[in-house]
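Structural features, examined
In case you want the letters, here they are:
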Amino acid sequence: MAEKGEVKQLEDCTVANALGTWVFSIAGALIAIPIGIKRKSLGPLVFFGTTGTMVDIIVGITACEREHAERQKMMMSHSEPPLDSDSAL
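Residues numbered from 1 in each chain as written. Predicted model: local features only at pLDDT ≥ 70, side-chain atom pairs only at ≥ 80, totals over all residues. Heavy atoms only, no water.

What about the confidence of the model for the protein?
When pLDDT is averaged across the protein, the result is 79; 69% of the residues are at 70 or more. Within the protein, the element-level pLDDT minimum falls on helix H4 (residues 85-88), averaging 54, and the maximum on helix H2 (residues 23-39), averaging 93. (pLDDT = per-residue confidence, 0-100. Helix = DSSP H or I, 4+ residues; strand = E, 2+ residues; numbered from the N terminus.)

As structure tokens, then:
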């Protein structure tokens, strides 16, 4: 049951981070508009717009995976008993 809650939190984090980033999408559009006007084509807008969106999604998912890994590492370090220096000898 605890695993189901953890999966749900990871899913929520992924969706929030993927939708929360928009910097590269805007940058792609700002780059594509002058190029599209010069070439009189929508191709650059499609290319740079979709590329920027994909980069935004990848950045969001990577940030979420990093947060999840740090959380797992903290949980593992708290669950392991501390090693005594006397017992190691």
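What follows continues from the structure just given.
Quick notes on the side chain of Asp56
Here Asp56 is to be found in helix H3 (residues 43-79). Ignoring sequence-local partners within four residues, the contact set of Asp56 consists of Thr21, Trp22, Val23, Phe24 and Ser25. (Contact = heavy atoms within 4.5 Å.)

A closer look at the packing of aromatic side chains
Evaluation of the coordinates by the stated rule reveals one aromatic pair. Consider the rings of Phe47 and Phe48, whose centres lie 5.1 Å apart with planes at 75°: the pair is edge-to-face. (Phe/Tyr/Trp six-rings, centres within 6.5 Å; stacked < 30°, edge-to-face > 60°.)

Brief notes about H2
In a regular helix each residue adds 1.5 Å, so 17 residues correspond to 24 Å; H2 covers 25 Å between its end C-alpha atoms and thus fits that length. Taken residue by residue, H2 has Gly28, Ala32 and Gly36 as its buried positions. Buried residues along H2 sit in contact with H3. Lys40 occupies a position one or two residues after H2 and carries a positive phi of about 55°. (Expected span 1.5 Å × (residues − 1). Buried < 20%, exposed > 50% of the residue type's maximum accessible area, 1.4 Å probe, protein only.)

Describing the environment of Cys13
Take Cys13: it is sitting in helix H1 (residues 2-20). For Cys13, a relative accessible area of 14% gives the class buried. When the C-alpha atoms of Cys13 and Ile61 are compared, they prove to be 8.3 Å apart, with 48 residues separating the residues in sequence. In contact with Cys13, other than residues within four places in its own chain, are Cys64 and Glu67.

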